[in-house]
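Each chain, letter by letter, is given below.
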Amino acid sequence: MTSRFTRRGLLKTGTAFTASGLALPTIFTSRASAFTNEPTGSSVVLGFNVPQTGAYADEGADELRAFELAVEHLNGEGDGGMLSTFSSDALGGDGILGKRVDFVTGDTQTKSDAARASAQSMIQKDGAIMISGGSSSGVAVAVQGLCQEAGVIFMAGLTHSNDTTGKDRKANGFRHFFNAYMSAQAMAPVLSSLYGDDRRAYHLTADYTWGWTQEESIAAATEALGWETVEKVRTPLGAGDFSSYIAPVLNSGADVLVLNHYGGDMVNSLTQAVQFGLKDRQANGKDFQIVVPLYSELMARGAGSAIAGIPGSQNWDWKLEDAGTQAFVQSFGQKYGFPPSQAAHTCYAQTLLYADAVARAGSFDPCAVVEALEDYDFDGLGNGPTTYRGADHQCFKDVVVVQGAEDPQDEFHLVDIVEVTPVDQVTYPPDHPMFAGGSLGECNPGA
Amino acid sequence: MDAFLLQILNGLDKGSAYALIALGLTLIFGTLGVVNFAHGALFMIGAFCAVTLQRLLTLSYETVDPERTDFLGNPMTVETPYVEAWFGPATGGALVDWAVPLAIVLAIPVMMLVGFVMERGLIQHFYKRPHADQILVTFGLAIVLQEIVKAVYGANPIPTPAPSALRGSMDVGALVGMEAYAVVYPIWRLVYFVFAALVIGGVFAFLRFTTFGMVVRAGMADRETVGLLGIDIDKRFTLMFGLAAAVAGLAGVMYTPILSPNYHMGMDFLVLSFVVVVVGGMGSLPGAVLAGFLLGILQSFASMNEVKSLIPGIDQIIIYLVAIVILLTRPRGLMGRRGVMEE
C-alpha cells in the first residue's frame, strides 16, 4: 500500500491552510466573547495610535499627553479636568464601569499602512477595546476601516477631511473634530471682510484625502464670494522644501495664496512663502495675502513670526473662556507647563465621550456604545453645546476663526481669536454633495 | 523671463545642496573606493551641529517677573540666556541670532572627527569587500546614526532660523535691470549658493594647488603606483574621508534655515545625491558638481506649472528620467573616466 501523502499534495494543503488563516485572522473569527476584546478582568485597555514621527509628529506628541491626562482623570487621579464641567454625570472617577483604565500607544508614522499595523497589534495583542488618535485623515480613514472590521470603536483624533464622516464614514467610527467644509463656511465671511470679494487665489494642497477636500471646500466657499481660483497645485506630504511650488506663485497673477497644508508641512510652506517675500508683495493692485484654512498653535509656534496676520480656522483654542476650556487648560498646563493644542483637546474630549457612552450604555459592547453616542447632545467639553449627529457620526459645534498675532505677548499667545462662528452657520445635511457616496453600514461588535 | 530667472535661481539653490553632498560622496569613492551610504547621515549630523550650538547659546537661567502672569495666571518665569548675562543683551543676542553661521566653526572639527572615527573604526575593514557589503554596512551605520540623533533630539523638526539680517528676500530682478519685485528671492538661499560655491572652490583649490592634494589626485588615478613610490596613501585617504565628512556637515549646517533639521533629512538627500554622482560620472569631482547643479535646475524647471500641465508628476521623476537617458547614451556618466567601477 502506497502512502497517499505526496509532496505536491502537502504543499497544496499547506497553502490552502495558510491562505484560510490569512484571510480570516482570529481577531475576526473568535467566538469566545460577546464582542471583540470584551474586558473580563479589573481593567480595560484603550489604544492610542498617534503620529510620533513624520510631518504631524508635534500634534501626535500633544495628543499623547492629552490621552494620558484623560486616563488619569477617568481613574480618579489629578484634578479631574473637564469631568467637573461635562454635562453628563455618568463618570465618577472610578475608571469605566468600575474597571481601571490602562492604555497602550502606537506610532502611525503618518502612514496608513503603519497605522493599520499598529492599530491591529493593539487590538490583537494588547486587547484594546477602543482605538483613538489621528493627525492625518488618510490614517484616520484607514484605521477607522480596520476598527469597523475588527469590531472595536474608533474615536477619531485630529482628522479634518470631509471623507472621514463623508464617503468613508463607518458605524464604529466617531469624529469630534470639525471638518474642511466647516472650516470653509466659517472662514468665508471673515475672508470677505478682511480682503474683499475680488480676489484671485492660488492653492497649494497636500496630496491626499484631507488636502483634496480642504481645497474643494475652501475653493467653493471663496468662489461663492466672487473669488477666482487661478491654480490648484498638489504637493506631496512631507515635501520639506516647497520652494519649487512657491516660486511659480510669484508670477501666476494670483493675489492670495491658500496653503492647504498642516503640521510640519504648513510650517515649512508658510515659512518659505514668507521668505520668498509674498507677504510684502503687491499683486493686481492689492496687498498679497496668505490664508491657512486649518490652523493650530503648535504650527504657529513652529512658523514663528511668519504667521503674523495670517487667518485660519480651529476646532478649539485654549483662550476660549468657557468653563470646560478653563478646566482643561488648568489641568493640562499644571501637568505639562504649556497650554494644550486643539489636537490635544479633541483627543481628551473623545476619550471622555467614549467612557461616558460606555457608562451610560452600561456596556462595553460597541453597538451599545454606538447607540449611546448617536444624536447625543452634550456640553462642558470646551466647544459649547454640541451634538454627535447619528446620521454620519460627526460632531456639530461652533468653529473658531483665528489670525496670527502681530505682536505676541508671550510664546503661547500666538493667535488671536477673530470670531467664534455659530454652529448653525457650519451645519450641512448628511447627504451634502461633498459628503456623499458613503454609508455608515451596521455597527460591528466583532468577536 | 522673470519666471525663467526664478527657476534658474531655484535650481542653483537645490543644486548647491546636491553638489556639496555629491562632492563628498565622490571624494570618498574616488579615494577609498567605498560606496558610502552613510554620507546622508553626515549631512544630517552637520545640521544638528547647528541645532546643538543654538541650544548651547540659548542655555538660560530663570527669574520670576511678578509684574507679568503666565497663561495659568501665575507670576511669569522669564528665561535669560547666559550669553546675554555674560556679554550684555546686544552681544549675547547677536551670538544667539548668528548661531547658524557660527556653527560652521563647531562643525568643521566635529565632522572631521566623526569622519575619522567612522573610517578608522568601521569602514577601513570593508575596503577589500564587495561594493554590496560596503553599501549594507554604511546603510546600517546611517540608520544607527539616525536613531542616535532621534533619541537625543527627538523626532520632530527643530526650527533653526537664519540670522535676522538675512531672513528677508532680495529683489534680484532689479539687480539685472528688470522691473521692481519681478523676481524676489530669499536672501539665505542666495547665501547658501555663494557658500556652496566657496566650499566647492576651496576643495578644488586644495586638491589642485597643494602637495597633499596632488598626492591624493595621483592616488585617485593610480593608488598602487603612488604606494610603490613610498607614499603612505592610506593616511592621506583617511584625511580625505574627514574632509568629505566636513563638506557634507557644512552643507547640513547652512541648510538648517531652509529646512528645519530632523533625524531623517539625510536619507531624503542621499538617494538623489547618488543619482547625481552616477550622472556626473563615478569618481569625477567636476562631474559631481556639474551634475548637481544641472539636475537641480532641471528639477526646478520641471516643477513649473506649464511643464506639469503637459506631463503631470514630471517634477517628481525628472531626475531619474535624465539619469536613465544619460546612462544609456554615456554609460560612464557626464565626466566619468574609463576604468572606474568597471571590471
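Keep in mind that this is a model prediction, so the values were computed, not measured. (Residues numbered from 1 in each chain as written. Chains lettered and ligands numbered in written order. Predicted model: local features only at pLDDT ≥ 70, side-chain atom pairs only at ≥ 80, totals over all residues. Heavy atoms only, no water.)

1. Side note on the overall build of chain B
Stage number 1. Scanning chain B from terminus to terminus reveals 14 helices and four strands.
Stage number 2. Relative to the compact-globule value of 20 Å for 343 residues, chain B shows a C-alpha radius of gyration of 22 Å, a close match.
Stage number 3. Within chain B, the fraction of its 343 residues that count as buried is 51%.
Stage number 4. As displayed, chain B offers around 15,400 Å² of accessible surface, 68% of which is attributable to carbon and sulfur atoms.
Stage number 5. Considering chain B, the positive charge centre built from 19 side chains and the negative charge centre built from 23 side chains are found 13 Å apart. (Helix = DSSP H or I, 4+ residues; strand = E, 2+ residues; numbered from the N terminus. Rg over C-alpha atoms; globule rule 2.2 N^0.38 Å. Buried < 20%, exposed > 50% of the residue type's maximum accessible area, 1.4 Å probe, protein only. Areas by Shrake-Rupley, 256 points an atom, 1.4 Å probe, with all protein chains shown as cover. Lys, Arg positive; Asp, Glu negative; His and termini not counted. Charge placed at Lys NZ, Arg CZ, Asp CG, Glu CD.)

2. Re the side chain of B:Thr238
Stage number 1. Note on placement: B:Thr238 falls in helix 10 (residues 233-255).
Stage number 2. Ignoring sequence-local partners within four residues, the contact set of B:Thr238 consists of B:Phe116, B:Glu119 and B:Arg120. (Contact = heavy atoms within 4.5 Å.)

3. Re a nonpolar patch on the surface
Residues and elements named next belong to chain B.
Stage number 1. On the surface, a nonpolar cluster with roughly 560 Å² of combined accessible area is contributed by Val271, Ile317, Tyr320, Leu321, Ile324 and Leu328.
Stage number 2. It is helix 14 (residues 314-329) that contributes the most residues to the nonpolar patch, five residues altogether.
Stage number 3. Among the secondary structure elements, Leu321 is positioned in helix 14.
Stage number 4. The exposure class of Leu321 is partly exposed, given its relative accessible area of 39%. (Patch = residues over 30% accessible without salt bridge, like charges linked within 9 Å, V, L, I, M, F, W, Y side chains within 5 Å. Salt bridge = Lys/Arg side-chain N within 4 Å of Asp/Glu carboxyl O.)

4. Some points on the state of the cysteines
All names here are of chain A.
Stage number 1. Following the criterion strictly, the structure yields one disulfide over all chains and no others.
Stage number 2. The disulfide partner of Cys367 is Cys443, and the gap between their sulfur atoms is 1.8 Å. Looking down the S-S bond of the Cys367 and Cys443 bridge, the torsion is 115°, so its handedness is right-handed. With Cys367 in helix 13 (residues 366-373) and Cys443 in the segment after helix 14 (423-426), this residue pair connects regions lying 76 residues apart in the sequence.
Stage number 3. Judged by relative accessible area, Cys367 falls into the partly exposed class, the value being 22%.
Stage number 4. Since its relative accessible area comes to 23%, Cys443 is described here as partly exposed.
Stage number 5. This cysteine, Cys395, is not joined by any disulfide, and Cys347 carries the nearest cysteine sulfur, 13 Å off.
Stage number 6. For Cys395, a relative accessible area of 0% puts it in the buried group. (Disulfide = S-S within 2.5 Å.)

5. Overview of the layout of surface pockets
Empty space left among the atoms is revealed by rolling a probe the size of a water molecule over them.
Stage number 1. Its volume calculated, the second largest pocket comes out at about 1,200 Å³.
Stage number 2. Looking at the second largest pocket, it is lined by 39 residues, and the ones nearest its centre are A:Leu237, A:Gly238, A:Ala239, A:Gly240 and B:Asp268.
Stage number 3. Looking at the lining of the second largest pocket, the elements with two or more residues in it are helix 8 (243-246) and helix 9 (263-275) of chain A together with helix 1 (2-32), helix 11 (265-280) and helix 14 of chain B.
Stage number 4. Residue contributions to the lining of the second largest pocket peak at five residues, all from helix 11 of chain B.
Stage number 5. In terms of residue class, the lining of the second largest pocket is made up of 17 nonpolar, 16 polar and six charged.
Stage number 6. Counting residues domain by domain, the lining of the second largest pocket receives three or more from each of domain 1 (43-178 + 318-392) and domain 2 (181-314) of chain A. (1 Å grid on protein atoms, 1.4 Å probe; cavity = no way out; pocket = protein on both sides within 12 Å on 5 of 7 lines; lining within 4 Å. Points joined across faces, edges and corners; volume = space filled by probe spheres on them. Nonpolar A, V, L, I, M, F, W, Y, C, P; charged D, E, K, R; others polar. Domains from an automatic or database assignment.)

6. Things to note about the domain arrangement of chain A
Residue and element names in this part refer to chain A.
Stage number 1. Each domain of chain A was delimited in the assignment, giving domain 1 (43-178 + 318-392) and domain 2 (181-314).
Stage number 2. With centres defined by C-alpha atoms, the gap from domain 1 to domain 2 works out at 29 Å.
Stage number 3. Between domain 1 and domain 2, the contact holds 20 residues from the first and 22 residues from the second.
Stage number 4. A buried area of about 1,800 Å², summed over both sides, lies between domain 1 and domain 2, and 57% of it is on carbon and sulfur atoms.
Stage number 5. Three residues, Tyr56, His160 and Phe178, lead the burial of domain 1 against domain 2; their summed loss comes to 31% of the area buried on that side. (Buried area = accessible area lost by both parts, 1.4 Å probe.)

7. Regarding the pairing of strand 3 (residues 130-133) of chain A
All names here are of chain A.
Stage number 1. Across the two faces of strand 3 the burial is the same, with Met130 and Ser132 and Ile131 and Gly133 all buried.
Stage number 2. Relative to strand 3, strand 1 (residues 43-50) runs parallel, the two being bridged by three bridges. Considered in strand 3, the bridge of Gly47 is made with Ile131.
Stage number 3. Direction of pairing for strand 3 relative to strand 4 (residues 153-156): parallel, over a ladder of four bridges. Opposite Met130, over in strand 4, you have Ile153 as the bridge partner. (Pairing = 2+ DSSP bridges.)

8. A word on helix 14 of chain B
Stage number 1. Helix length check: helix 14 of chain B, at 16 residues, gives a terminal C-alpha distance of 21 Å against a target of 22 Å (1.5 Å per residue), a fit within 8%.
Stage number 2. At B:Tyr320, helix 14 of chain B is deflected by roughly 25°, the largest bend along its length.
Stage number 3. Residues of helix 14 of chain B that are buried include every one of B:Ile314, B:Asp315, B:Ile318, B:Ile319, B:Val322, B:Ala323 and B:Ile326, and no others.
Stage number 4. Packing partners of the buried residues in helix 14 of chain B comprise helix 8 of chain A together with helix 1, helix 11, helix 12 (285-302) and helix 13 (305-310) of chain B. (Expected span 1.5 Å × (residues − 1). Bend = angle between axes of the 7 residues up to and from the residue.)

9. Structural notes on the sheet that holds strand 13 (residues 376-378) of chain A
Residue and element names in this part refer to chain A.
Stage number 1. Sheet architecture is open: three strands sit in the order 13-14-15, paired in antiparallel fashion. The open sheet has two edge strands with one neighbour each: strand 13 and strand 15 (395-396).
Stage number 2. Sheet analysis places strand 14 (residues 386-388) next to strand 15, joined by two bridges and oriented antiparallel. Paired with Tyr388 across the bridge in strand 15 is Cys395.

10. What to know about the packing of helix 2 (residues 39-57) of chain B against helix 11 of chain B
All names here are of chain B.
Stage number 1. Contact pair helix 2 / helix 11: the axes reach a minimum separation of 7 Å and the direction vectors enclose 140°. Regarding the angle of helix 2 to helix 11, the classification is oblique. Between helix 2 and helix 11 lies a crossing whose hand is right-handed. Residues His39, Gly40, Ala41, Phe43, Met44 and Ala47 of helix 2 form the contact with helix 11, whose own contacting residues are Met265, Gly266, Phe269 and Leu270.
Stage number 2. Among the residues forming the contact of helix 2 with helix 11, the class breakdown is seven nonpolar, three polar and no charged. (Axes fitted to C-alpha atoms, helices over the stretch in contact; angles between N-to-C directions. Parallel < 35°, antiparallel > 145°, perpendicular 65-115°, else oblique. Left-handed = near helix turned anticlockwise from the far one by under 90°.)

11. Here's the deal with the interface of chain B and chain A
Stage number 1. In this assembly, 35 residues from chain B lie in contact with 35 residues from chain A.
Stage number 2. Of the roughly 2,700 Å² buried where chain B meets chain A, counting both sides, 50% is carbon and sulfur surface.
Stage number 3. Per-residue buried area on chain B facing chain A is highest for B:Phe71, B:Leu72 and B:Asn305; these three make up 23% of the total on that side.
Stage number 4. The interface formed by chain B and chain A holds two salt bridges in total.

12. Here we look at the UniProt feature "transmembrane region" (unreviewed entry) in chain B
Stage number 1. The UniProt record marks residues 15-35, 42-61, 98-123, 190-216, 237-258, 270-298 and 310-329 of chain B with the feature "transmembrane region" (unreviewed entry), using the residue numbering of this structure.
Stage number 2. Secondary structure content for residues 42-61 of chain B is 80% helix and 10% strand, while the C-alpha to C-alpha distance between its ends is 33 Å. (UniProt positions renumbered as here; feature names shortened; annotations may be inferred.)

13. Observations regarding the pairing of strand 2 (residues 75-81) of chain B
Residues and elements named next belong to chain B.
Stage number 1. As defined by bridge partners, strand 1 (residues 60-69) adjoins strand 2 across seven bridges and the pair is classed as antiparallel. Residue pairing across strands places Tyr61 opposite Thr80, the latter belonging to strand 2.
Stage number 2. In sequence, strand 1 turns back onto strand 2 through a hairpin of five residues, with Gly73 there showing a positive phi of about 90°.

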